[in-house]
Protein chains: 2
Amino acid sequence: MKTTALFVLFMVFSISLFAENGHDLWLRSKSTGKINVICKKTSPTLTIAIQELQKGWQGKDNATITLTLKSDKALKKDGFKFNKDEIQAGTESGILYGVYELLRRQQTGEPVEEKIYNPSYEIRTLNHWDNPDGSIERGYAGKSIFWRNGDNSMTVTDKDKDLWQEYARANASVGLNGAVLNNVNASPLMLSKEYLERVKAIAEVLRPYGIKTFLSVKFSSPSQIGKLKTSDPLDPEVIKWWNDKVKEIYSIIPDFGGFLVKASSEGQPGPQDYERSHADGANMMADAFKPFGGIVMWRAFVYSPNDKDRARQAYTEFMPLDGKFRDNVIIQVKNGPVDFQPREPFSPLFGAMKKTSLMPEFQITQEYLGQAIHMVFLGPMWEECLKSDTYQEGPGSTVGRSTDGSIYPQKHTAIAGVSNIGLDTNWCGHQMAQANWYAFGRLAWNNTLTSEKIADEWIKLTFGPVKPGQTGSLGFSNDWTEHFLVPVKKMILESREAAVNYMMPLGFHHIFSANNHYGPGPWYAPKGVRADWTPPYYHKADTLGVGFDRTHAGTDAVSQYHEPLASQFNDLKTCPEIYLLWFHHLPWDYKVSSGRTLWDEICYSYEKGLNQVRDFQKTWDKVEPYVDKERFENIRSKLKNQCRNAQVWKDACTLYFQQFSRRPIPYDIERPVYELNDLISSEVKRR
Amino acid sequence: MKTTALFVLFMVFSISLFAENGHDLWLRSKSTGKINVICKKTSPTLTIAIQELQKGWQGKDNATITLTLKSDKALKKDGFKFNKDEIQAGTESGILYGVYELLRRQQTGEPVEEKIYNPSYEIRTLNHWDNPDGSIERGYAGKSIFWRNGDNSMTVTDKDKDLWQEYARANASVGLNGAVLNNVNASPLMLSKEYLERVKAIAEVLRPYGIKTFLSVKFSSPSQIGKLKTSDPLDPEVIKWWNDKVKEIYSIIPDFGGFLVKASSEGQPGPQDYERSHADGANMMADAFKPFGGIVMWRAFVYSPNDKDRARQAYTEFMPLDGKFRDNVIIQVKNGPVDFQPREPFSPLFGAMKKTSLMPEFQITQEYLGQAIHMVFLGPMWEECLKSDTYQEGPGSTVGRSTDGSIYPQKHTAIAGVSNIGLDTNWCGHQMAQANWYAFGRLAWNNTLTSEKIADEWIKLTFGPVKPGQTGSLGFSNDWTEHFLVPVKKMILESREAAVNYMMPLGFHHIFSANNHYGPGPWYAPKGVRADWTPPYYHKADTLGVGFDRTHAGTDAVSQYHEPLASQFNDLKTCPEIYLLWFHHLPWDYKVSSGRTLWDEICYSYEKGLNQVRDFQKTWDKVEPYVDKERFENIRSKLKNQCRNAQVWKDACTLYFQQFSRRPIPYDIERPVYELNDLISSEVKRR
């Protein structure tokens, strides 16, 4: 009997750590009491709203809450208002967002303020780089949840629908309302009847959650699947083809969102193949969408092998087109001018185009940030971008404000994140990578949130103690807060800076191994490969110095920024050190602010990054008592791998650049443990 | 012209770092002046002595030195005496040793004291575990310098002779006078006419350097190559066969040294196959050698799979035979009771047998100490053993004194070291491993030397600044001493303790991966493998504790030691912590002297070991300006590898034992970066 009693006691104490595999994401809480919901209207969306309240209610037992569909001038489309015991919104989706906001506040112990909540962007979308065969470009969490290969690839199963519904719920819970279902390197197949039928099935599951479906399209579709002789956007037959195609789509998916287009970019066909401009291409499609309210998201990610500075090219190409785009075209601009690097200054296109809608594109999937192996919370990176001041209209013209309609009224505002999810049980491969999905949604809703706030919420929701029948703010004991929340939040918030330190400190960029974009490859420059696809193009190391001269004396990329930024970046005295080698080519013995030489500072940065990861390991191991075994071990194991890789980064980069600096690695730094040649040859093998 | 001048200046400054590949060992100095040598007799050995003086003289220019062959009661066989401007010795080899001693003192800046120098042991021998096919058991520096495979395997080339001469010179220069030319796991082939002819050729090269040749023999040779029906040592035909064989050998090699025998050990045939004792076997051979003055070195390395404690068995088996051996038999005993582990207490056979000659066997080749990859200076290990007090005749009865004839007059005294050399250009694979060859020779000559003294000499001779025409004590500037000698000596002297820390701290032993004896394998215990060939036999970890109980309450191996050692080892309060888990099985929470639990102390020891290697890397990188490029890079690269391996050791052992301790690795320790399962499976692949 005694043994049994002890066993029961043990079960009670460990119940909060019952097995979790991460599939529930940040939606783990169960209701702690009864809630009565008053809602006059019935609809699929409102039914979901009511069910969510009942499943997750953490407020007073037997309370009553009213869901009121009623417009208000102050309410934007998806906005809502908390009144006493009431959620008011102009749309059903607004009601749903209000419910999720209320529940999150209950679950994280945040007060429910009686005020209006409007989203920063009208369209808050995930871009899935999913291919028709189920593979995902830059996907690290399994195959596509939308597409698969094989004989039954088009069959919609209950399992498919369940998963799509979980996906839709997760997105809606953080305020996302759009999904581009396929890769920007698009297959024309996607516009075929067969695929559109599957899109319809997906859209039906997503619709009640307020989520619109979008598709990426290949610009050459008219000639590829339409059997036309050209895809010239000014050709009447081409125009008709697109008009017909869009009409067909709306006949199948009446609330279809629009197209995402990567054209004349990285070998993709586009209007330039016919000596037409991006505006010609985008407007042709936008006209087709006009009758249906759809939009065209046209990517500005363009660069040519012949230009001396890839960072300048999107601006150079798009600025002359300012004002030439239809009002249902939005130019989708990556956060930085090159390509989702661990750190870039913001793209100078933000704040530059004054008569064109621009939308930021962030990359949630960690293509360049350790993929699903490294723990890198991207909130701080996106916050850094959104809060960067473009000086478009003087101080305070942040990237966020210059894209969300605060500065110029735009017909449409939008934001996109390249998704990091796949069929992995925990959706993201790395448990911690769920935080990036969450953070993107939260920032898309409110682009002034701090990453600290987002991390706090996400940790509470994702790792907060959960017992059946009891959770919420009552669940966060002082002990849990002190020994789990605080250290884990600190670790997560530091993680992106750590990655910058051990990968590309001080403004280094794109020194990855070719193709896989995971490990270091600053040496990669085989003959025949175009220069801007090789790291030496970006680091420009030689025995005299290192870094890319983008000052007035160099490529003058600084001049693409408004003053005072242009001068600030141009001048060594004012250029932020985090962008040093992005904007300047400097001698190895240049003195940085720490008083060290540039070479020494580079070495210390790599050392620091490695040690930060080691500290993350310590932090995580210490919280073992507070986490269920499966998720604990997943993260522990990933951190080990990250640490091994941080060592490789540190050794590879210090040893590679040492060939040019010809200076010793400062002797108080832990010495490399790898041989440069071994790292190079093993990288070659991996490729 | 200016450029040329600068170039010349650069050449002058860098001349001391001209390329070296390590082949010259510690014999790099060139003479700095003329020396006149007076020697009345002529002989090959004396010619060498004179030539060495002329090649290496560092004393006053145009000085005169007299070599005097004259006995002196105080002089042992190889001993010599420094008188003013004179080296006196009773034998030619004594003169040669005097010359080498004089030159070493000149080169290292040590005064030449006018006194007598006698060797500690009469026979100072290297054991080569070289096989007839040229492979070397536990050899990590290339193939055998004596044997090779192929059609011309028996052809003696000039290249062979040159190399054998260099080998002989190196040995003589540190006082070694014997070489067992083949593996103790001996091929009977070695006694065939063909092989004896090659031994003869080798002996002819070695002889002028005072070095005798020995052979390992297979006990079953009479039946294997003699076509007898038995190899029973009491069988008259067998006795005759050995008598004839020994006679034949002496007809070919008149100064042949004798046999080394591994019998009834690890599957080797031996007297026990015929129910005869080790004494029966050894004496039978000894009798054959009697007329020729040869000796039999009979190994005590025996253990059976059935005994509960391998560490007890050599003692158990040999002690009853004390007094039963002929006076030209020497029992060759490994330093520790198990097998050349990173740390063992001394073998209890030392100081135990009072009527039998015993000789220590050290292992120079680093089978269990990182092979040719880890920098481990073994001087401290051997010093630890030689200075261990056996209490054979009360305090002060060190292992050294109990084997060198100081306590009991023995007919013969000897010491053996298992060689670490091969065909590698630098002889030992690792430049630093040359120090172990050197140290063994020096300790064989003088078993009271400190390893600090030996390291000092070796570093000066091996890395001291050398310029053509100038070297010697004048060459050691304060700068060199402070920035090279002092830190490198400190590093070398610490290296063995570091290896113990990251491999087997606190008395752990034999937790290597099976067969290769390089990496960790504490888990290795497949079914069907005899227990004493698996690490769990030695560490005995379970959830309650860890360690091998050899106290009175355990296997009572402690009782094989004299008092007060037996009591000291038996009692936890007095047992040295370095032998803790060798003698005791202790709970994981046992408090060690640091105040930590045993588990924590184990973790901290592994951490310390890894950090020591990291510090070695720092030390070595700092001395780069003082070392030629080739040797510098050889050692730098080896240290990196050692560091990677120390990490593997640390992670493997802490994670493996953690399964039993069920305690966290202390959180201020750097976390493991590997997965235990990955280490196990990669170890399995390696095997």
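### A word on the sheet that holds strand β5 (residues 116-117) of chain A
Residue and element names in this part refer to chain A.
Part 1 of the argument: With mixed pairing, the five strands of this open sheet are ordered in space as β1-β2-β4-β3-β5. The open sheet terminates on both sides in strands that have one partner only, identified here as β1 (35-39) and β5.
Part 2 of the argument: As paired strands, strand β2 (residues 63-69) and strand β4 (residues 86-89) are joined by four bridges and run parallel to one another. For Leu69, the partnering residue across the bridge sits in β4 and is Ala89.
Part 3 of the argument: Along the sheet, helix α2 (residues 44-56) contacts β1 and β2; its crossing angle with β1, the most-contacted strand, is approximately 165°.
Part 4 of the argument: Against the sheet, helix α3 (residues 92-108) contacts β2, β3 (80-83), β4 and β5, and its axis sits at roughly 50° relative to β3.

### So, the relation of the copies chain B and chain A
Both copies of the chain are related by one operation, a rotation about an axis with a shift along it.
Part 1 of the argument: Rotating chain B by 180° and translating it 0.0 Å along the rotation axis places it on chain A, where the RMSD comes to 0.0 Å. In short, the pair behaves as if placed about a two-fold rotation axis. Scanning chain B for the C-alpha nearest the rotation axis identifies B:Arg644, at a separation of 5.4 Å.
Part 2 of the argument: Residue by residue, 100% of the interface of chain B is reproduced at the interface of chain A, so both copies engage with the same surface.

### Quick word on the nonpolar core
Part 1 of the argument: Residues B:Phe259, B:Trp298, B:Trp437 and B:Trp620 are the most contacted members of the largest nonpolar core, which totals 210 residues.
Part 2 of the argument: In terms of residue count, the dominant contributor to this core is helix α19 (residues 629-661) of chain B (twelve residues).
Part 3 of the argument: Here B:Trp437 is in contact with B:Leu25, B:Trp26, B:Leu126, B:Tyr167, B:Ala170, B:Asn171, B:Leu176, B:Ile364, B:Asn420, B:Ile421, B:Trp427 and B:Cys428, once residues within four sequence places are set aside.
Part 4 of the argument: Counting 209 residues, the second-largest nonpolar core is a separate cluster that includes A:Ala286, A:Phe346, A:Leu449 and A:Val623.

### Observations regarding the domain arrangement of chain A
All names here are of chain A.
Part 1 of the argument: In terms of domains, chain A is made up of domain 1 (23-118), domain 2 (123-450 + 458-463) and domain 3 (499-548 + 585-681).
Part 2 of the argument: Here the C-alpha centre of domain 3 lies 31 Å away from the C-alpha centre of domain 2.
Part 3 of the argument: Across the domain 2-domain 3 interface, the total number found is zero salt bridges.
Part 4 of the argument: For the interface between domain 2 and domain 3, the tally reads 18 residue pairs in polar contact (both at pLDDT 80 or more).
Part 5 of the argument: Within the side of domain 2 that touches domain 3, the residues separate by chemical class into twelve nonpolar, ten polar and seven charged.

### Side note on the pairing of β2(A)
All names here are of chain A.
Part 1 of the argument: Sheet topology note: the β1/β2 ladder contains five bridges and is parallel. By the bridge assignment for β2, Val37 is matched with Ile65.
Part 2 of the argument: Each parallel crossover has a hand, and for β1 linked through α2 to β2 it is left-handed.

### So, the packing of aromatic side chains
Part 1 of the argument: All told, the structure shown has 99 aromatic pairs over all chains when counted by the stated rule.
Part 2 of the argument: Between B:Phe484 and B:Trp620 the ring centres are 6.2 Å apart and the planes differ by 65°, which places this aromatic pair in the edge-to-face class. Of this pair, B:Phe484 sits in helix α14 (residues 478-503) while B:Trp620 sits in helix α18 (residues 598-622); the two residues are 136 residues apart in sequence, bridging distant segments of the chain.
Part 3 of the argument: B:Trp620 gets classed as buried once you look at its relative accessible area, which sits at 0%.
Part 4 of the argument: Through pairs of rings, three or more aromatic residues link up here, namely A:Trp458, A:Phe463, A:Phe476, A:Trp480, A:Phe484, A:Trp620, A:Tyr626 and A:Phe632.
Part 5 of the argument: Lying across the ring of B:Tyr97, B:Arg124 places its NZ or CZ 5.4 Å from the centre.
Part 6 of the argument: Over the aromatic face of B:Phe548 sits the side chain of B:Arg550, whose NZ or CZ is 3.7 Å from the ring centroid.

Parameters and conventions
Residues numbered from 1 in each chain as written. Chains lettered and ligands numbered in written order. Predicted model: local features only at pLDDT ≥ 70, side-chain atom pairs only at ≥ 80, totals over all residues. Heavy atoms only, no water. Pairing = 2+ DSSP bridges. Helix = DSSP H or I, 4+ residues; strand = E, 2+ residues; numbered from the N terminus. Contact = heavy atoms within 4.5 Å. Axes fitted to C-alpha atoms, helices over the stretch in contact; angles between N-to-C directions. Least-squares fit on C-alpha atoms with pLDDT ≥ 70 in both. Core = buried A, V, L, I, M, F, W, Y, C linked by side-chain atoms within 4.5 Å. Buried < 20%, exposed > 50% of the residue type's maximum accessible area, 1.4 Å probe, protein only. Domains from an automatic or database assignment. Salt bridge = Lys/Arg side-chain N within 4 Å of Asp/Glu carboxyl O. Polar contact = N/O pair within 3.5 Å; in protein donor to acceptor, adjacent residues only side chain to side chain. Nonpolar A, V, L, I, M, F, W, Y, C, P; charged D, E, K, R; others polar. Right-handed = clockwise from strand over helix to strand, strands pointing away. Phe/Tyr/Trp six-rings, centres within 6.5 Å; stacked < 30°, edge-to-face > 60°. Lys NZ or Arg CZ within 6 Å of the ring centre and 35° of its normal.

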